[in-house]
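Single-letter residue listing:
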There are 2 protein chains.
Amino acid sequence: MVEKRTSGRPPDVAAGQAVKAAALQLIREKGYAKMSIAAIATKAGVARQTLYNKWTSKAELVLDAVFEETGRYASEPSAEAGEHCAEQLEAFLVDVFSHLTLDGDPLRALIAAAQEDEGFRTVFRERFVLPREKIVTALLQRAQQRGELGAERDAEMLSAFIHGAFWYRLLNGQPVTPALAKSITEEVFAR
Amino acid sequence: MVEKRTSGRPPDVAAGQAVKAAALQLIREKGYAKMSIAAIATKAGVARQTLYNKWTSKAELVLDAVFEETGRYASEPSAEAGEHCAEQLEAFLVDVFSHLTLDGDPLRALIAAAQEDEGFRTVFRERFVLPREKIVTALLQRAQQRGELGAERDAEMLSAFIHGAFWYRLLNGQPVTPALAKSITEEVFAR
């Protein structure tokens, strides 16, 4: 039961956590396409209406469960870090790719869902894509301020190159590995 | 009737052309998700079994109809062309993007379909993705041989940057414009 695992937290927060945990477990067991909102509700021990009150679609629930509120996948690199921005970028990508190796299937399913639903595409871009794109753009701009990356470089385009490269690999069924993180970083910084 | 429009060609070629024309028209009118194989057969005036004999899925039929055999979307740049490889890359991308502006929705639908079906993902990668990736890799290697791009650059990674950047824009509902072709080319070549 939800109450036992989450005593002390407000019931709606507890239910939300249980729902996200159930969604995450089901998506790993069954995959996105075969996972239903009804099954999530049953596994979480909450009323189905509770889910519909909070999420308008399976895609938005998965976006929350897998990527938004768990704190996993791409935390912002520390601006205080003394290491070279190339090292920060490589470490950031290694971190992203290790999550993608675990949760790449749900991310691919969300990108597919975004192609079929314009409303979700907008939500997905605003809540998931743009914040991550901006983390990398800011890192590259910091590298330019430090003189570690040429001032004439186009940080926004490079951020699209970087995200585009691993989306492209992921969507084509290719592995996203630490070696890929290193190759991307070297090509961006090596001049 | 197919026979009237295609007299002089063997019937199976004529039927194949009619099917692809019908699929292309239907995908533009209705979108990928709402287009059925039955509707394509009816519109093309061919027996449904004729379609199933040649294509194992809607996704493969659309791959043929929209991208493979029509000769549109990304013809290989001429190796004899005297112009700088940067100009060739920009012209190539402008050409690709103009087709994507017309047929971006079916391409997005195919990429989504590839996420949901591993067999189709393999076919899509081998027949569509890799040939186009190699065109750009070869162009960049030619640029390196000519001294227009540094020999230390990673042509394969740059090709993934380039394709990744416009896939990323397309899949996030952003326009792929001649200005994007210019920005990509400048970032790849400007050093």
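Residues numbered from 1 in each chain as written. Chains lettered and ligands numbered in written order. Predicted model: local features only at pLDDT ≥ 70, side-chain atom pairs only at ≥ 80, totals over all residues. Heavy atoms only, no water.

Visitor: Looking at this structure, I do not really get the nonpolar core. What am I missing?
Guide: In summary, soluble globular proteins display a tendency toward joint burial of nonpolar side chains. In terms of nonpolar packing, the biggest core is built from 132 residues, with Phe97, Phe124 and Ile184 of chain A together with Phe97, Phe124 and Ile184 of chain B touching the most fellow members. Among residues more than four places away in sequence, those in contact with Ile184 of chain A are Leu93, Phe97, Ile162 and Ala165 of chain A together with Met157 and Phe161 of chain B. (Core = buried A, V, L, I, M, F, W, Y, C linked by side-chain atoms within 4.5 Å. Buried < 20%, exposed > 50% of the residue type's maximum accessible area, 1.4 Å probe, protein only. Contact = heavy atoms within 4.5 Å.)

Visitor: Sorry, what's going on with helix α7 (residues 118-145) of chain A here?
Guide: Residue pairs spaced three or four apart in an α-helix point in one direction, given the helix's 3.6 residues per turn. All names here are of chain A. Here α7 is 28 residues long and its end C-alpha atoms lie 38 Å apart, about the 40 Å a rise of 1.5 Å per residue gives. Largest kink in α7: about 45°, centred on Arg125. For α7, the side-chain oxygen to backbone nitrogen distance between the N-cap and Gly119 is 2.9 Å, and the N-cap itself is Asp117. Trailing α7 by a residue or two, Gly147 shows a phi angle of about 80°, which is positive. (Helix = DSSP H or I, 4+ residues; strand = E, 2+ residues; numbered from the N terminus. Expected span 1.5 Å × (residues − 1). Bend = angle between axes of the 7 residues up to and from the residue. Polar contact = N/O pair within 3.5 Å; in protein donor to acceptor, adjacent residues only side chain to side chain.)

Visitor: Could you clarify how one ought to interpret the packing of helix α8 (residues 155-171) of chain A against helix α9 (residues 178-189) of chain B in this entry?
Guide: For any two helices packed against each other, one specifies the inter-axial angle together with the distance between the axes. In the contact formed by α8 of chain A and α9 of chain B, the axes pass within 10 Å of each other and the chain directions differ by 90°. The orientation of α8 of chain A with respect to α9 of chain B, classified from their angle, is roughly perpendicular. Contacts between α8 of chain A and α9 of chain B involve Met157, Leu158 and Phe161 of chain A on the former and, on the latter, Leu180, Ser183, Ile184, Glu187 and Val188 of chain B. Looking at the contact of α8 of chain A with α9 of chain B residue by residue, the classes come out as 6 nonpolar, 1 polar and 1 charged. (Axes fitted to C-alpha atoms, helices over the stretch in contact; angles between N-to-C directions. Parallel < 35°, antiparallel > 145°, perpendicular 65-115°, else oblique. Nonpolar A, V, L, I, M, F, W, Y, C, P; charged D, E, K, R; others polar.)

Visitor: I tried to follow the interface of chain A and chain B on my own but got confused; where do I start?
Guide: Reports of interface size often rely on the accessible area that becomes lost once the parts have come together. Listed as interface residues are 33 residues of chain A and, on the opposing side, 34 residues of chain B. Counting the surface chain A buries against chain B, the share from its top three residues, Phe161, Tyr168 and Glu187 of chain A, is 23%. In this assembly, chain A and chain B are joined by 4 salt bridges. Remark: the boundary between chain A and chain B carries 12 residue pairs in polar contact (both at pLDDT 80 or more). At the level of secondary structure, the elements contributing two or more residues to the side of chain A that touches chain B comprise α6 (85-116), α7, α8 and α9 (178-189) of chain A. With 12 residues, α8 of chain A is the single largest residue contributor to the side of chain A that touches chain B. For the side of chain A that touches chain B, the residue count by class is 15 nonpolar, 7 polar and 11 charged. (Buried area = accessible area lost by both parts, 1.4 Å probe. Salt bridge = Lys/Arg side-chain N within 4 Å of Asp/Glu carboxyl O.)

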